[in-house]
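# Report on the structure
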Amino acid sequence: ISTIEVAAQKAAKVVKALKAYVHTNNTSELTVFNVNRSIRDILLLFNSQIRQGVEVHLDLEDSLLIQGNESEVSKIWSNLIANSIYAMQNKGNLWITGRSDQHNVIITVTNDGPAIPEEVQARLFEPFYTTKPIGEGSGMGLSIVFTIVASLNGSVECESKDTTTFTITIPKTNLN
């Protein structure tokens, strides 16, 4: 019975994370939410892939508040995490850090998969550009990340050498 109870609790967390991810806010109203919780919810959706051999290292400040559409913002984390896992071929280290400074929330997503060649880095955020085989990628993930971050008046940068790091900078809400 206790095993069933634990499994039910885990299933409830995944369902809650899925609902938050797919919920579409049909109004233009923005809400203030904690990026920390948003990232943790998305990680739940990748739990089975992570268990195959990805070690996640989370270092998130407690209160990383931004204003936006949480469902849209969660697509940033989803795309970056999915790309990291794919690049590492389901084995390696994934570091996610979250900090804030006086004006911004800064999230980094780093993996120790192979480096991204410079010529590919120059095109990463182009719609429909992909290096994945046909049928495995649409080339829209990083374009979506770029568009959502830009809509929040933020920036996204990529650095790829020994590790690959995407740095997302989003203005924080005045409630921080």
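Quick note: structure is the one above.
Computed from a predicted model, the values in this text were never measured in an experiment. (Residues numbered from 1 in each chain as written. Predicted model: local features only at pLDDT ≥ 70, side-chain atom pairs only at ≥ 80, totals over all residues. Heavy atoms only, no water.)

What follows is about the sheet that holds strand β4 (residues 92-100). Read across the sheet, five strands follow the order β2-β4-β5-β7-β6 without closing on themselves; strand pairing throughout is mixed. The outermost strands of the open sheet, each flanked by one partner alone, are β2 (54-60) and β6 (155-160). When strand polarity is set aside, the average angle formed by the axes of neighbouring strands in this sheet is 10°. Sitting on the sheet, helix α4 (residues 70-87) is in contact with β2, β4, β5 (104-111) and β7 (164-171), with an inclination near 20° to β5. (Pairing = 2+ DSSP bridges. Helix = DSSP H or I, 4+ residues; strand = E, 2+ residues; numbered from the N terminus. Axes fitted to C-alpha atoms, helices over the stretch in contact; angles between N-to-C directions. Contact = heavy atoms within 4.5 Å.)

Time to look at unusual backbone geometry. For Gln89, which is not glycine, the phi torsion reads 55° and is therefore positive. Looking at where Gln89 falls in the secondary structure, it is placed in the loop between α4 and β4. With phi around 60°, Asn153 is a residue other than glycine that occupies positive phi space. Turning to its location among the elements, Asn153 is positioned in the loop between α6 (141-151) and β6.

Turning to the packing of α4 against α6, a few remarks are in order. In helix packing, the relevant descriptors are the interaxial angle and the interaxial distance, both defined with respect to the helix axes. Where α4 contacts α6, the axes come no closer than 9 Å and their chain directions differ by 145°. Regarding α4 and α6, the two cross each other, and that crossing is left-handed. Here α4 contributes Glu72, Val73, Lys75, Ile76, Asn79, Leu80 and Asn83 to the contact with α6, which in turn contributes Gly141, Leu142, Ile144, Val145, Ile148 and Val149. Here the residues of the contact of α4 with α6 are counted per class, giving eight nonpolar, three polar and two charged. (Left-handed = near helix turned anticlockwise from the far one by under 90°. Nonpolar A, V, L, I, M, F, W, Y, C, P; charged D, E, K, R; others polar.)

In this section: the pattern of salt bridges. This model, assessed by the stated rule, comprises four salt bridges. One salt bridge in this structure joins Arg37 and Glu70, with 2.7 Å as the shortest N-O distance. Placement of the pair is Arg37 in helix α2 (residues 35-45) and Glu70 in helix α4, with a sequence separation of 33 residues. Judged by its relative accessible area of 38%, Arg37 falls in the partly exposed class. Asp59 is the partner of Arg99 in a salt bridge, and the nearest nitrogen-oxygen pair spans 2.5 Å. Of the two residues, Arg99 sits in strand β4 while Asp59 sits in strand β2, which places them 40 residues apart along the sequence. Residue class for Arg99 comes out partly exposed when judged on its relative accessible area of 35%. Relative accessible area serves as the criterion here: at 37%, Asp59 is assigned to the partly exposed category. (Salt bridge = Lys/Arg side-chain N within 4 Å of Asp/Glu carboxyl O. Buried < 20%, exposed > 50% of the residue type's maximum accessible area, 1.4 Å probe, protein only.)

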